[in-house]
Amino acid sequence: MPLTPTHQIIASARAAGRGVGAFNVAGIEHAEAIVAGAEAAGAPVVLQISENCVAYHGALAPIGRACLAIAGQAGVPASVHLDHASTVELVEAAAGLGLASVMYDGSRLPYQDNVRVTAEVTRWCHQRDVWVEAELGEIGGKDGVHAPDARTDPGEAARFVAATGVDALAVAVGTSHAMLTRDAVLDLGLIASIRDAVGVPLVLHGSSGVPDPDLVAAVRAGMTKVNIATQLNRVFTAAVRRTLSAEPATVDPRRYGVAGRDAITPEVARLLRLLGAGVDSRIRAGGAGEPLSPVE
Ligand SMILES: [Zn+2]
């Protein structure tokens, strides 16, 4: 089916009390596997390209066009989103390329500058039907908003959303980026408080560090967009490593690339089933902290 705008995917999920998986792409194999996983689960999906991914490829257009082509041929609703853009130029490039949504990340700016630039970016994007996710500034912790001890204040979140006009808000509720263990402790009460305080969908970053039952609980508490990057990279790299260890004479990158790709697909399907089950469904998930995922 043709590309589905991110705002439609998010709005449907939010209305139904479901979560939406937003998975970060590293290369084209990731994009192919993410869409295949979404098709297997019969669930909508968001493919994300981060600023770091753009830097890796040297430009947005090559990987962006590949993702748009792959998402545009998906058998389920799929969109392509720009993740963590710290420059206005990259947001403009994404809109120009046809991405349906962006995250403008001004969280490193002083609060008033973040509000001002985010509001400008949002006005510009809305004139082009581009959906905008943004993030509050540093609240606490040495690693900023994504430190495990950083917390978003519901009142400040409401003021930020009102002042900027953003469509979705990334919040700090206990996760941090690039976690290799799944033992993050989410502040579920805070998620519910922020949901009640702001009128836009909430976004969980750093979700790879969250055990399965807590992902479900986060959606139940009010989280809609759930960003997952590190978990897919773990699964991909473990499969590539297994293949290369078993077949040290391999030289064709397709030989281990397919192993990585085929490992991501069921993991995406599994996570999407978990997130998309809805608030009223009974989820059979393991206990908190249990290693549920098929990694190494
Ligand atoms: Zn993030």
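Residues numbered from 1 in each chain as written. Predicted model: local features only at pLDDT ≥ 70, side-chain atom pairs only at ≥ 80, totals over all residues. Heavy atoms only, no water.

K.L.:
Help me out: how do you make sense of the coordination of the zinc ion in this one?
P.N.:
Four donors placed tetrahedrally about a metal ideally form angles of 109.5 degrees, and six donors placed octahedrally ideally form angles of 90 or 180 degrees. For the zinc ion, the full set of protein donor atoms is His-84 (NE2), His-177 (NE2) and His-205 (ND1), at a range of 2.0 to 2.1 Å. Of note, the donors binding the zinc ion are all from one chain and are spaced H-x92-H-x27-H. Linking His-177 in the loop between β6 (168–171) and α8 (188–197) with His-205 in the loop between β7 (202–204) and α9 (212–221), this pair joins segments that are 28 residues apart in sequence. (Donors = N, O, S within 2.8 Å, 3.2 Å for Na, K, Ca; no water. Helix = DSSP H or I, 4+ residues; strand = E, 2+ residues; numbered from the N terminus.)

K.L.:
I keep staring at the pattern of salt bridges and nothing clicks. Help me out?
P.N.:
Side chains bearing opposite charge may pair, as long as their charged atoms lie close to each other. One pass over the structure, following the stated rule, counts 10 salt bridges. In this structure, the salt-bridge partner of Lys-225 is Glu-133, at a minimum N-O distance of 2.7 Å. Of this pair, Lys-225 sits in strand β8 (residues 223–228) while Glu-133 sits in strand β5 (residues 131–135), placing them 92 residues apart in sequence. Accessibility classification places Lys-225 together with Glu-133 in one group, the buried group. (Salt bridge = Lys/Arg side-chain N within 4 Å of Asp/Glu carboxyl O. Buried < 20%, exposed > 50% of the residue type's maximum accessible area, 1.4 Å probe, protein only.)

K.L.:
Whenever I open this one, the nonpolar core confuses me. Can you help?
P.N.:
As a rule of thumb, soluble globular proteins bury nonpolar side chains together. Judged by nonpolar contacts, the single largest core of 76 residues is most densely connected at Phe-23, Val-173 and Met-223. Setting aside its immediate chain neighbours within four residues, Met-223 contacts Arg-18, Val-171, Val-173, Ile-191, Leu-202, Val-203, Leu-204 and Ala-218. (Core = buried A, V, L, I, M, F, W, Y, C linked by side-chain atoms within 4.5 Å. Contact = heavy atoms within 4.5 Å.)

K.L.:
What exactly am I supposed to notice about the layout of surface pockets here?
P.N.:
Roughly 190 Å³ of internal volume is contained in the second largest pocket. Only α2 (28–41), α3 (51–57) and α10 (230–246) provide two or more residues apiece to the lining of the second largest pocket. When residues of the lining of the second largest pocket are assigned to their parent elements, the largest contribution, 3 residues, is made by α10. Looking at the lining of the second largest pocket residue by residue, the classes come out as 3 nonpolar, 5 polar and 1 charged. (1 Å grid on protein atoms, 1.4 Å probe; cavity = no way out; pocket = protein on both sides within 12 Å on 5 of 7 lines; lining within 4 Å. Points joined across faces, edges and corners; volume = space filled by probe spheres on them. Nonpolar A, V, L, I, M, F, W, Y, C, P; charged D, E, K, R; others polar.)

K.L.:
Quick question: what am I supposed to make of the sheet that holds β8 here?
P.N.:
Strands pair in a sheet through their backbones, by hydrogen bonds, and they do so in one of two ways: parallel or antiparallel. Spatial strand order, β1-β2-β3-β4-β5-β6-β7-β8: 8 strands in a closed barrel with parallel pairing. Averaged over neighbouring strand pairs, the angle between their axes works out to 25° when direction is ignored. The pairing of strand β2 (residues 45–50) with strand β3 (residues 78–85) spans 6 bridges and is parallel. Its bridge partner being in β3, Ser-50 is matched across the sheet by Asp-83. Against the sheet, helix α5 (residues 88–97) makes contact with β3 and β4 (101–104), and its axis sits at roughly 170° relative to β3, the strand it touches most. (Pairing = 2+ DSSP bridges. Axes fitted to C-alpha atoms, helices over the stretch in contact; angles between N-to-C directions.)

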